[in-house]
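One letter stands for each residue in the lines below.
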Amino acid sequence: MSNSRGARPSRLQSIEETLGSAPVAQALAWCIVGVAFGAPALGRVIGVPGLTAMLVTLAIGSIVVLVARRRFLDWHGLLPLSILAFIIWCAISAAWSGYPADTLEGLFTLTVYAFLGLTVALTRDLIQIVRTTGGVLRVLLSASLLLEVASGVIFDRPIGFLGVEGLLASGGPIQGLFETRNLLGMVTSIALVTFIIEWRTRSVPKPVAQYSVAIALLCLIFSGSPVTLIVVVILGVASLALYGLRRARPDARRVFQVALLAAGSLSLVIAYATRTRIIDLLNAGSEFEVRYRLWLSVWNFIQIHPLEGWGWAGSWPLGEAPYNYIIWTVGREHISALNAFLDVYLQVGLVGIFSFILLCGFAFLRSWLLASNKRSTVYVWPALVLVALLATGMSESFLLDESGWLLLVICAVKGSQGMSWRSRLPEKPPPPRAPGASHPESLA
């Protein structure tokens, strides 16, 4: 009898150790990142209910893994307050929303992806997150190119249920598994950053890194997205700035940071003043005109409820006000404002946009300072990913949903772990390192 009583706790302890092991955490992170980036294709194949079931399953799995690994997690300064403030205000907006069912659905998506991003950030070191993201994007971009070759070259017909139009033979634009060329472009720009960081940190063999960069460049070229072209230019400038900062003497970095801030502000003013010429050079006039009309219409409806907004929805509920009126005014169907910041302002008003800007600002500032001052190259990844996300957010709303929102939360949590003001508060001794965890500072 005593043996059976003693065996039960031992068996439970063994199960807990298995669920809290590094391979389980790694597999969970792969599934989370894979579902987030693959959501457009998964939604087409298995439908919204199937995708929702996958998210619920991942959320339950995340709770189990977090409980099993609770002794190894640093809960001090767990979640940036800016993320909590934004989600809570979106939830409060259900009180005045004219479409409560859509608000609850949008809140579910927002909260679940935030929780999944928090799980990845807590259970994986930064270099492990880079490897996971790189592995997922390698598979998805390779599959996208294979589908485009099959559709546009071999069979010469669209693959309708995946949204592949089969225009590769004519030079594009292509969408791959991501529904639109702009979403493919955003994913590719993030993939390019990830693959180069993998290459620099020697996280993957050199041939794999070279192949990864090559497929990212091919997807970038054939996507034909003018939005992505601008983002890549901004990424290049940010990369050069970080390279200079990381090589500068510590006592000179503050001067360089101030100079970069001034130069960036001046560049924004010049870009706004010469926006017409830039659009002409990019041959993006018609696309920008559509966005400009949409933004004007959105702005007009923002003025009706400027403080509280119309209520959170995420993707637009097309049959509800004010979205149906905006679509009627523009004359083209849209499921977002094609600008993450305008979308937030429209849906949750001045309070919401203020908390969202704080979230993005703190995440970027912390990530940028860590990338400037930390020795390991892997710290550059969150800063450049945020550059890509925020730059894309000015002309698309991908930042508020699925992979964009997941990455924003991951980068915000990692930045908070490194530079949160709460790290100065008294705390318990650091928890023991989880089995299988690596430290990013150990990588060049």
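For the structure, see preceding data.
What comes next is a walk through the structure. Note that the structure is predicted; figures quoted are calculated from it, not measured.

**Topic: the overall build of the protein chain**
In step 1: When helices and strands are tallied, the protein chain shows 15 helices and zero strands.
In step 2: Every one of the 444 residues in the protein chain was classed for burial, and the buried ones make up 50%.
In step 3: Of the contacts made within the protein chain by residues no fewer than 6 positions apart, 77% connect residues no fewer than 24 positions apart.
In step 4: Summed over all atoms, the accessible surface of the protein chain reaches about 21200 Å², with 67% contributed by carbon and sulfur.

**Topic: the packing of helix α3 (residues 81–92) against helix α13 (residues 340–373)**
In step 1: Contact geometry of α3 with α13 gives a least axis separation of 8 Å together with a crossing angle of 170°. Taken together, α3 and α13 sit at an angle that is classed as roughly antiparallel. From α3, Ser 82, Ile 83, Ala 85, Phe 86, Trp 89 and Cys 90 reach across to α13, where they touch Val 344, Val 348, Val 351, Gly 352, Ser 355, Phe 356, Leu 358 and Leu 359.
In step 2: Residue composition of the contact of α3 with α13, grouped by class: eleven nonpolar, three polar and no charged.

**A short note on the packing of aromatic side chains**
We describe a pair of aromatic rings using the distance from one ring centre to the other and the angle between the two ring planes.
In step 1: Under the definition given, this model contains eleven aromatic pairs.
In step 2: Measuring from ring centre to ring centre gives 5.2 Å for Phe 86 and Phe 356, while their planes differ by 45°; the resulting arrangement is tilted. Highlighted residues: Phe 86 in helix α3 and Phe 356 in helix α13, separated in sequence by 270 residues. Just as Phe 86 is buried, Phe 356 falls in that class too.
In step 3: Pairing Phe 301 with Tyr 325 gives two aromatic rings, centres 6.5 Å apart and planes at 20°, and the pair type is stacked. Of this pair, Phe 301 sits in helix α11 (residues 285–302) while Tyr 325 is found in helix α12 (residues 323–330), placing the two residues 24 residues apart along the sequence.
In step 4: Through a chain of ring-to-ring contacts, the aromatic side chains of Phe 86, Trp 312, Phe 341, Phe 356 and Trp 405 assemble into a single cluster.

Rules behind the numbers
- Residues numbered from 1 in each chain as written.
- Predicted model: local features only at pLDDT ≥ 70, side-chain atom pairs only at ≥ 80, totals over all residues.
- Heavy atoms only, no water.
- Helix = DSSP H or I, 4+ residues; strand = E, 2+ residues; numbered from the N terminus.
- Buried < 20%, exposed > 50% of the residue type's maximum accessible area, 1.4 Å probe, protein only.
- Contact = heavy atoms within 4.5 Å.
- Areas by Shrake-Rupley, 256 points an atom, 1.4 Å probe, with all protein chains shown as cover.
- Axes fitted to C-alpha atoms, helices over the stretch in contact; angles between N-to-C directions.
- Parallel < 35°, antiparallel > 145°, perpendicular 65-115°, else oblique.
- Nonpolar A, V, L, I, M, F, W, Y, C, P; charged D, E, K, R; others polar.
- Phe/Tyr/Trp six-rings, centres within 6.5 Å; stacked < 30°, edge-to-face > 60°.

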